[in-house]
Amino acid sequence: MLKRSQWADLSLLLVAFMWGCTFLIVQSAVGALPPLAFNAVRFIGAAVLLVLITLVFYRKQWRQTSWKMLLHGSILGIFLFGGYAFQTIGLLYTTTSNAGFITGLSVVIVPFLAALLLKQRLSRISLISALLAAAGLYLLTFSGGGFTLNRGDSLVLLCAFAFALHISFTGIYAPRYPALPLAAVQMAVTGLLSLVFSLFTENLGPLSQLSDTIMQPEVLIALLVSIGPTSAFAFWIQTVSQQHTTPSRVAVIFATEPVFAALTGVLFAGEHLGWSAVLGCVCILTGMVASELQPGTPSPQPDTPDTCITDNKEISA
């Protein structure tokens, strides 16, 4: 029988797999619909889906909501929005390779944040696995050339810190509240902030043109995939799983996302992986395996365990 921490890690690996495998679909859609507008529809839609699931199947969780949960869910939503927004703006001034690598540096930032915020000991294995994953990200991202800094990289670095803060604070808040409402709140905040900033910064055109763009098959399919599997269910899984695993492990597991994206590119887009990219994939996977060699340190449990969702079926959902 697998332990809860192992179920959690496998569930998070499934999330990274979904994100990586749908990268091509989303990339194509963002070429037609501005990124912040896409994220607005994506996360607001995910919030609505999670609310409906909660009202129909998990009404007891909805009755456990509180103002404190709304506040903490909003904090998670702000961090999540910050990650996507800084990455989107940074891409205007930097290369995709730079952005991909710097965003992935959150894998190194998270163990230090976890040590600071959760008072978890920064173990040697955590640090080694994070550095292995970071080295793998570099090899995978820059297989065709070297890393050169430019004006957008500082913005993308803020994106890496935002994602690292999201993972670290999820480790704090996830054990305290019901998983579905907490995930729904952060989806709603991320979507609403994306909508506001999209209205002020992106050229959306007339409403009829925007509707036609959304109804384009590649955009509509990408939105359906993003609203369900890669947003609503992915962050639901993350929220539940982080009750049973450490933020450092989450960061290393999520570092496998570009590995799955690269494999998807090879299989479906005719891309070719050089030897350095293959070595990068090996380093990331080795880092993930190394992180599994240490026992998981669960996040601090709340004083009121009746608000903690520990149903094993939810972890493997």
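For the structure, check the block above.
Analysis parameters
Residues numbered from 1 in each chain as written. Predicted model: local features only at pLDDT ≥ 70, side-chain atom pairs only at ≥ 80, totals over all residues. Heavy atoms only, no water. Helix = DSSP H or I, 4+ residues; strand = E, 2+ residues; numbered from the N terminus. Buried < 20%, exposed > 50% of the residue type's maximum accessible area, 1.4 Å probe, protein only. Contact = heavy atoms within 4.5 Å. Areas by Shrake-Rupley, 256 points an atom, 1.4 Å probe, with all protein chains shown as cover. Patch = residues over 30% accessible without salt bridge, like charges linked within 9 Å, V, L, I, M, F, W, Y side chains within 5 Å. Salt bridge = Lys/Arg side-chain N within 4 Å of Asp/Glu carboxyl O. Phe/Tyr/Trp six-rings, centres within 6.5 Å; stacked < 30°, edge-to-face > 60°. Axes fitted to C-alpha atoms, helices over the stretch in contact; angles between N-to-C directions. Parallel < 35°, antiparallel > 145°, perpendicular 65-115°, else oblique. Left-handed = near helix turned anticlockwise from the far one by under 90°. Core = buried A, V, L, I, M, F, W, Y, C linked by side-chain atoms within 4.5 Å. Expected span 1.5 Å × (residues − 1). Nonpolar A, V, L, I, M, F, W, Y, C, P; charged D, E, K, R; others polar.

**Details of the overall build of the chain**
- Along the chain, the regular secondary structure elements total 16 helices and zero strands.
- By the burial criterion, 51% of the 317 residues in the chain qualify as buried.
- Across the chain, contacts joining residues at least 24 apart in sequence account for 91% of those joining residues at least 6 apart.
- For the chain, the exposed area adds up to about 14700 Å²; of that, 70% sits on carbon and sulfur atoms.

**Description of a nonpolar patch on the surface**
- The grouping of Leu192, Leu195, Val196, Phe197, Leu199 and Phe200 at the surface amounts to a nonpolar patch, some 620 Å² of accessible area in total.
- Assignment of secondary structure puts Leu192 in helix 10 (residues 179-201).

**Thoughts on the environment of Thr286**
- Mapped onto the elements of the fold, Thr286 is located in helix 15 (residues 275-291).
- Counting along the chain gives 150 residues from Thr286 to Gly136, while the straight-line C-alpha distance between them is 9.2 Å.

**Thoughts on the packing of aromatic side chains**
- Applying the stated criterion to the full structure yields 12 aromatic pairs.
- On the numbers, 5.6 Å between centres and 50 degrees between planes, the contact of Trp19 with Phe235 is tilted. Within this pair, whereas Trp19 is found in helix 1 (residues 4-21), its partner Phe235 is found in helix 12 (residues 217-241), the two being separated by 216 residues in sequence. Phe235 shares its class with Trp19; the two are buried.
- Taking the centre distance of 6.0 Å and the plane angle of 80 degrees together, the rings of Tyr58 and Trp236 count as edge-to-face. One end of the pair, Tyr58, is in the loop between helix 3 (35-57) and helix 4 (59-63); the other, Trp236, is in helix 12, with 178 residues separating them in the sequence.
- Residue classification places Tyr58 among the partly exposed positions, given a relative accessible area of 29%.
- In this structure an aromatic cluster arises from ring pairing among Trp19, Phe43, Tyr84, Phe163, Phe235 and Phe254.

**Side note on the pattern of salt bridges**
- Taken as a whole, this structure holds one salt bridge when the rule is applied.
- Between Arg249 and Asp9 there is a salt bridge, with the nearest N and O atoms lying 3.1 Å from each other. Of this pair, Arg249 sits in helix 13 (residues 247-254) while Asp9 sits in helix 1; the two residues are 240 residues apart in sequence, bridging distant segments of the chain.
- On the basis of relative accessibility, which here comes to 3%, the residue Arg249 falls in the buried class.
- Owing to a relative accessible area of 5%, Asp9 belongs among the buried residues under this scheme.

**Quick word on the packing of helix 3 against helix 12**
- Interhelical geometry of helix 3 versus helix 12 gives an angle of 55 degrees and a closest axis separation of 8 Å. Considered as vectors, helix 3 and helix 12 are oriented oblique to each other. The crossing of helix 3 and helix 12 is right-handed. Only Ala222, Leu223, Ser226, Ile227, Gly228, Thr230, Ser231, Ala232, Phe233, Phe235 and Trp236 of helix 12 make contact with helix 3, whose side of the interface consists of Phe38, Val41, Arg42, Phe43, Gly45, Ala46, Leu49, Leu50 and Ile53.

**Digging into the nonpolar core**
- Counting residues in each nonpolar core, the largest one holds 55 residues, and the members touching the most others are Leu50, Val107, Met187 and Phe254.
- In contact with Met187, not counting residues within four places along its chain, are Phe43, Ile44, Ala46, Ala47, Leu50, Leu80, Ser231 and Phe235.

**A few points about helix 9 (residues 153-173)**
- When the terminal C-alpha atoms of helix 9 are compared, their 30 Å separation across 21 residues agrees well with the 30 Å that a helix rising 1.5 Å per residue should span.
- Along helix 9, 15 of the 21 residues are buried, which leaves the element largely enclosed by surrounding structure.

**Section: the packing of helix 9 against helix 12**
- As a packed pair, helix 9 and helix 12 sit with axes 8 Å apart at the nearest point and diverge in direction by 50 degrees. It follows from the interaxial angle that helix 9 and helix 12 lie oblique. Contacts from His166, Ile167 and Thr170 of helix 9 reach helix 12 at Phe235, Gln238 and Thr239.
- Here the residues of the contact of helix 9 with helix 12 are counted per class, giving two nonpolar, four polar and no charged.

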